[in-house]
Amino acid sequence: MARLRIALVSEHASPAALLGGADAGGQNVAVDQLARHLAHLGHAVDVFTRREAADAPAVVDWAPGVRIVNLDAGPPHPVPKDALWPLMPAFRDALLAFIVRDSAHPDLVHGHFWMSGWVALELRRALGAPVVQTFHALGRTKRREQGDADTSPPERIAVETAIARAADALVAQCPSEREELIDGYGAAPSRVALVPAAVDVDAFRPISRVAARRRIGLAGAGGGPVVVYVGRLLPRKDVGNVVRAVALLRHSTAPPPLLLVVGGATAAPDPVATPEIGVLRALAASLGVADRVRFAGRRQPAELRYWYGAGDVAVTTPWYEPFGLTPLEAMACGRPVVGAAVGGIPYTVVDGLTGALVPPRDPAALAERLGAFLADPARCARMGRAARARVEREFTWAGTAGRTAALYAAVLAGLPIPEIEATGRPAVPAPADDRFAIAAHSGWP
Ligand code: UDP
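Residues numbered from 1 in each chain as written. Predicted model: local features only at pLDDT ≥ 70, side-chain atom pairs only at ≥ 80, totals over all residues. Heavy atoms only, no water.

This part takes up the sheet that holds strand E8 (residues 192-194). The eight strands are arranged E3-E4-E2-E1-E5-E6-E7-E8 in an open sheet whose pairing can be described as mixed. Of all strands in the sheet, those with a lone pairing partner are strand E3 (59-63) and E8, marking the two edges. Across this sheet, the average inter-strand angle for adjacent strands is 25°, counted without regard to direction. Note: strand E5 (residues 108-112) against strand E6 (residues 131-134), four bridges, orientation parallel. Bridging across to E6, His-110 finds its partner in Val-132. Sitting on the sheet, helix H2 (residues 88-102) touches strand E1 (5-9), strand E2 (44-50), E3 and strand E4 (66-71), and the angle it makes with E4 is about 130°. (Pairing = 2+ DSSP bridges. Helix = DSSP H or I, 4+ residues; strand = E, 2+ residues; numbered from the N terminus. Axes fitted to C-alpha atoms, helices over the stretch in contact; angles between N-to-C directions. Contact = heavy atoms within 4.5 Å.)

Okay, here's the thing in structure tokens:
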């Protein structure tokens, strides 16, 4: 098997960050898991990210075969990601200097997020290594959904367009992203591979509700119905929509449903550090359900299984969602998901089989679906089992890393991009080239 040296560039999202705050969410998890599983396939992976702490070591041996390289570019403290663009030339220079100093010449560069895509193309210019790009989120979608509230730099969409047309291959994590890349950005369909994000099926696994509730200190709530939200607390996640739905359901069961809200900038829920908590608390109070909404603060992945498991059903109804890892995590924990039919959610949640899809910004529709689920525990259990099975089949990081490695191999061999789908294997048969042995090791027949 050819051992590749792969550079994952992820300017703002380090695998080492604490998750749940404003700028640390799905991308951090995805880069971390992809790196670990690529290394597991035998590759050497360097994750390049921006130094956010003066005392962070320059190089961290993060996992077997994976290093995190903290590059000096701008101040050594957290900077909001929308203010990072001017720092990218310094980031590029620091990255190139590291590669020369360390003799860590990559065979392939994989950019994550638009600014890293620009850096990746700069590396291609300097080093000749081909570029694969995953955007994780797209500026055109954000502009459309957020309008004036979008604080992205004005250059974002033009830079994304250039990357979409120049990269050797693009990874779309779900069909709606693929469409946006092709229709909105003019990417050549033959260069866009559909490779979904995934979930750590060992860390996120089913647990009984009773054990989970005891573990998180909710035992006193007894057998009452519980709805759980996990994710960053941003306006676009529209947790207010869930609070409104729970308020509509307050007379439907005795006791009324309890909503657990996990996420925020700090471990203890703090409306100063996380203004959205204050907004949601005020909303719950105004709707008479202040005592039915509990904020858990930011929780780290190892604990999340208990929070998902405490719920009868998980919920997420953002205005838009590039992919959405939290629905997959809930499914892996054996819980059905009621989700908004936006972005990646209709791809992961199968309406009527592993949960339900509702329109965004529609508390009545959400209340109706949630009410039906909470009234039927047997159906929740059945859907939870189907959800877990779907995740094991389609959305494991081992599978996703295998598909990504097959994509790298095709790019390096100058072959057509395999039509990689969540359900299957590369459409291009693996030739007897050494590099393709990597794909063969990923579990594909
Ligand atoms: N997350 C976490 N702790 C929290 C809140 C969120 O670990 O308190 C994780 C969550 O489990 C998920 C990620 O942050 O893996 C959020 O990813 P998602 O794709 O759902 O949304 P994004 O944050 O990328 O918008």
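Picking up where we left off.
A side chain of one charge can pair with a side chain of the opposite charge if their charged atoms are brought near each other. Using the criterion set out here, one finds 21 salt bridges in the structure. Of the charged contacts in the structure, one is a salt bridge between Arg-92 and Asp-93, with a shortest N-O distance of 3.0 Å. Linking Arg-393 and Glu-394 is a salt bridge whose minimum nitrogen-to-oxygen distance equals 3.7 Å. Of the residues examined, Glu-394 reaches a relative accessible area of 9% and is grouped as buried. One network of salt bridges, in which partners are shared, links Arg-5, Asp-46, Arg-67 and Asp-102. (Salt bridge = Lys/Arg side-chain N within 4 Å of Asp/Glu carboxyl O. Buried < 20%, exposed > 50% of the residue type's maximum accessible area, 1.4 Å probe, protein only.)

All right, on to the layout of surface pockets then. With a probe scaled to a water molecule rolled over the atoms, the places where space remains empty come into view. The calculated volume of the second largest pocket comes to roughly 290 Å³. Around the second largest pocket sit 16 residues that line it, and Arg-209, Asp-312, Pro-377, Cys-380 and Ala-381 are the ones nearest its centre. Mapped onto the lining of the second largest pocket, the elements with two or more residues apiece are helix H13 (363-374) and helix H14 (377-394). Top element by residues in the lining of the second largest pocket is H14. It accounts for five residues. (1 Å grid on protein atoms, 1.4 Å probe; cavity = no way out; pocket = protein on both sides within 12 Å on 5 of 7 lines; lining within 4 Å. Points joined across faces, edges and corners; volume = space filled by probe spheres on them.)

One open sheet accounts for six strands, arranged E11-E10-E9-E12-E13-E14; its pairing is parallel. A single partner strand is all that each edge strand has here, and the edge strands are strand E11 (293-297) and strand E14 (355-358). Each strand of the sheet is rotated relative to its neighbour by a mean of 20°, with strand direction disregarded. In this sheet, strand E12 (residues 313-316) lies alongside strand E9 (residues 226-230) in parallel orientation, the contact comprising two bridges. Its bridge partner lying in E12, Val-228 is registered against Ala-314. Across the sheet, helix H11 (residues 325-332) lies against E9, E12 and strand E13 (337-340), angled at about 170° from E13, the strand it touches most.

This next bit is on the packing of helix H3 (residues 114-127) against helix H5 (residues 156-166). Where H3 contacts H5, the two axes come as close as 9 Å, and the packing angle between them is 50°. As far as their axial angle goes, H5 and H3 are oblique. The two elements H3 and H5 meet at a crossing, and its hand is left-handed. Within the contact between the two elements, H3 uses Trp-114, Gly-117, Trp-118, Leu-121 and Arg-124 and H5 uses Arg-156, Val-159, Glu-160, Ile-163 and Ala-166. Looking at side-chain class alone, the contact of H3 with H5 contains six nonpolar, one polar and three charged residues. (Parallel < 35°, antiparallel > 145°, perpendicular 65-115°, else oblique. Left-handed = near helix turned anticlockwise from the far one by under 90°. Nonpolar A, V, L, I, M, F, W, Y, C, P; charged D, E, K, R; others polar.)

The subject of this paragraph is the side chain of Thr-141. Turning to its location among the elements, Thr-141 is positioned in helix H4 (residues 139-146). Judged by its relative accessible area of 18%, Thr-141 falls in the buried class. If near-sequence neighbours (up to four positions away) are discounted, Thr-141 is found in contact with Glu-180 and Tyr-320.

Going through the model one piece at a time under the given rule, you end up with six aromatic pairs. When the ring of Phe-135 is compared with that of Tyr-185, the centres are 6.5 Å apart and the planes differ by 15°; the resulting orientation is stacked. Placement of Phe-135 in the loop between E6 and H4 and of Tyr-185 in the loop between helix H6 (175-184) and E8 is noted, with a sequence separation of 50 residues between them. Where Tyr-347 meets Phe-395, the ring centres are 5.7 Å apart and the plane angle is 90°; that geometry is what we call edge-to-face. (Phe/Tyr/Trp six-rings, centres within 6.5 Å; stacked < 30°, edge-to-face > 60°.)

For the rest of this paragraph, the subject is the site of the ligand. Among the 20 residues in the neighbourhood of the ligand, the closest are listed as Arg-232, Lys-237, Arg-299, Leu-325 and Glu-329. Separating an oxygen atom of the ligand from a side-chain N or O atom of Arg-236 is a distance of 3.1 Å. At 2.7 Å, a side-chain N or O of Lys-237 approaches an oxygen atom of the ligand. Within the complex, 95% of the 540 Å² of free accessible area of the ligand lies under protein. At the level of secondary structure, the elements contributing two or more residues to the shell around the ligand comprise helix H1 (26-40), helix H10 (301-310) and H11. By residue number, the principal contributor to the shell around the ligand is H11, which donates three residues. Broken down by class, the residue content of the shell around the ligand amounts to six nonpolar, seven polar and seven charged. (Near = heavy atom within 4 Å. Polar contact = N/O pair within 3.5 Å; in protein donor to acceptor, adjacent residues only side chain to side chain. Areas by Shrake-Rupley, 256 points an atom, 1.4 Å probe, with all protein chains shown as cover.)

For the structure shown, the criterion picks out two cavities of 30 Å³ or more. In this model, the largest cavity occupies a volume close to 100 Å³. Taken together, 14 residues line the largest cavity, and the ones lying closest to its centre are Leu-34, Thr-134, Gln-173, Trp-397 and Thr-400. Broken down by secondary-structure element, the contributors of at least two residues to the lining of the largest cavity are H1, E5 and helix H15 (397-413). Sort the elements by how many residues they give to the lining of the largest cavity and H15 lands first, with three residues. Residues of the lining of the largest cavity, tallied by class, amount to seven nonpolar, seven polar and no charged. Here the second largest cavity is characterised by a volume of approximately 40 Å³.

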